[in-house]
Amino acid sequence: MSTVATHPSYDELCANFDWAIAERELGVTRSGRINIGWHCSDRICELGLASKPALIWENFSGTGRTYTFDDLRALSNTIAVYLADLGLQPGERICLFMDRVPDLYIGFLGILKMGGIAQPLFSAFGGDSLWTRLADARTSAILTQRKHVGKVRKIREKLPELRHIVVVDAGEAPLQEREVAMALDELPRVERLDVYPSTSETPSVLHYTSGTTGQPKGAQHVHYSIVSQYLTAKWVLDLQPDDIYWCNADPGWVTGTSYGIIGPWANGTTQVVLDSGFSTERWYAFIDKHRVTVWYSAPTAIRLLMRDGTKVARKYALTSLRHLCSVGEPLNAEAVIWSQEAFGLPFHDTFWQTETGCIVVTNFPGMPIKPGSMGKPFPGITATVLNPKTNEPYDRPGPVGLIALRPGWPSMIRSYWNNPTGYASKFKNGWYLCGDRASIDPDGYFWFVGRDDDVINTGGHLVGPFEIESALLEHPAVAESAAVAKPDPVNMEVVKAFVTLKPGFEGGPDLELEIMNFVRNKLSPLAMPQEIEFVPSLPKTRSGKIVRRILRAKEWGEPVGDTSTLMDE
Ligand code: WT7
């Protein structure tokens, strides 16, 4: 299976590769000025595309609005000035805590233009998830909506450094301490702005991502990341001047910023955004209505579409689609074959992470797809799998090892916020370790096997067991807990919690439901356990560490492995 590429072949591009290709096309250098906010709006206007639609936005009820690149430019200037007038300084963290409304996208560019660090957080986060990330980043301001401000109010007393709570749709609603109303449409449109003179290494975006141990870590990106994001969007998503591009991801997660804002707009691409949850018919109708040509989606969504069958797809004119990509979880071979049947096009898998900032392994357009494989490294990315015993690449194709990348591409994160040890632990032997396992076949294609840690990937979203277990422990009935992944036909994995109870508490369906809701409200629907098993004790090492590996293996029907260091097995 393959589709026709509109640029030179993978092999040709690899042979002549240099990131300077992207620098030249973007007009940037490593030592000069780069501002993502400016590059995604002002520069596109300077290229003569001021009146081209940049954002075609629609909400769940079908209300829509279109913004041109000139609108993006002026409105992001307006937000930049508004934030600076509040007294916010370059380098301060400014959180975006909103649904996918236009202010989120424009605000992102505005923050970058005034030199702030944009910290997007998923609007479904509950108070605890929000607090952990705002406290860690010592965030100075948060842009949010009326419907979410209640969650901020509940935690603001514990956030003395959060000086401003900016409500973008306050209307006449009464505001409380530290809150201000920012009605973008009513502010004078700022046509001219001295954009903050950021350079390649100036911090740009701070995304929180989960690991096995400790609370989520802030992955710190810099303005130079645009070099990778621009070129991967152009070559892998195959963006062309007339494309109508749709990325399903929420900017609370890295796909939604790297490829839902920066990549496409740096290319001057028109993108459509649907601020609404999943519905097969709604999604097909959206593609049909806007004549979407390039679609970046995720395996969980594709599995939901598959469940509804190809017949529903036939009810809509989906012939505008030209190129399909997927990210976030392993893309099963069946999904690739199904999409060929349903849309006449295969989904192209793309593998990457919050930390990599850009696609690193992919089914490149025009390259034959082996369904079930992630494809090959993007030109300019050196990727391999390491023997876990030696941390050296295997000398032959075949064995399963740790996915490793040679550091140095433009969009690699530069640090974890305030956590140098965590960052250093990601490198071994000169390689950056992704925390995933894969094998490489004799043709150089990567085959994903699984994560190499206890992180749970639910519908393409990573959730850390530590954060869930910490929330569980706050429930009065819970003595100890372990959160592990359990298989799920749609989300690939969901959270399952094993819980021991304090004396006087009895496990049962009512308590299970109560604890589930407790976690959902504190963290998010993603982190909520779908099942809680009450157990008399948890498997532990002799030193008292809970061994999630054993619980997980049982859920997956896999061998439990070496148990010689355990206490009571
Ligand atoms: C982890 C990164 C990068 C955007 C979304 C997630 C898993 C990602 C694939 C894929 C198999 C994948 C990995 C990775 N993952 N893409 N194509 N096939 N697994 O970013 O939240 O940082 O998650 O998602 O486990 O390490 P993230």
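Coordinates for the structure precede this section.
Residues numbered from 1 in each chain as written. Predicted model: local features only at pLDDT ≥ 70, side-chain atom pairs only at ≥ 80, totals over all residues. Heavy atoms only, no water.

**Student:** Is there a simple way to explain the pattern of salt bridges in this structure?
**Tutor:** If the charged atoms of two oppositely charged side chains come close together, the side chains can form a pair. Following the criterion strictly, the structure yields 44 salt bridges and no others. Here Glu25 makes a salt bridge to Lys234, at a shortest N to O gap of 2.8 Å. With Glu25 in helix H2 (residues 20-26) and Lys234 in helix H9 (residues 226-235), this residue pair connects regions lying 209 residues apart in the sequence. According to the relative accessible area criterion, Glu25 is partly exposed, its value standing at 31%. (Salt bridge = Lys/Arg side-chain N within 4 Å of Asp/Glu carboxyl O. Helix = DSSP H or I, 4+ residues; strand = E, 2+ residues; numbered from the N terminus. Buried < 20%, exposed > 50% of the residue type's maximum accessible area, 1.4 Å probe, protein only.)

**Student:** Mind showing me how you'd approach the packing of helix H15 (residues 465-473) against helix H16 (residues 509-522) here?
**Tutor:** In helix packing, the relevant descriptors are the interaxial angle and the interaxial distance, both defined with respect to the helix axes. Remark: H15 packs on H16, axes separated minimally by 10 Å, with the N-to-C direction vectors making an angle of 120°. With respect to H16, the element H15 is oriented oblique. The way H15 lies across H16 gives a crossing that is right-handed. Together, Ile468, Ala471 and Leu472 of H15 and Ile515, Phe518, Val519 and Lys522 of H16 make up the contact between the two elements. For the contact of H15 with H16, the class distribution of residues is 6 nonpolar, no polar and 1 charged. (Axes fitted to C-alpha atoms, helices over the stretch in contact; angles between N-to-C directions. Parallel < 35°, antiparallel > 145°, perpendicular 65-115°, else oblique. Left-handed = near helix turned anticlockwise from the far one by under 90°. Contact = heavy atoms within 4.5 Å. Nonpolar A, V, L, I, M, F, W, Y, C, P; charged D, E, K, R; others polar.)

**Student:** What exactly am I supposed to notice about the pairing of strand S5 (residues 141-144) here?
**Tutor:** In the case of a regular strand, side chains alternate between the two sheet surfaces. Side chains of S5 alternate between two faces, with Ala141 and Leu143 and Ile142 and Thr144 buried alike. For strand S3 (residues 93-97) and S5, the ladder comprises 4 bridges, and the chain directions are parallel. Considered in S5, the bridge of Cys95 is made with Ile142. Sheet topology places S5 next to strand S6 (residues 164-167); 4 bridges connect them, and they run parallel. The residue of S6 that forms the bridge with Ile142 is Ile165. (Pairing = 2+ DSSP bridges.)

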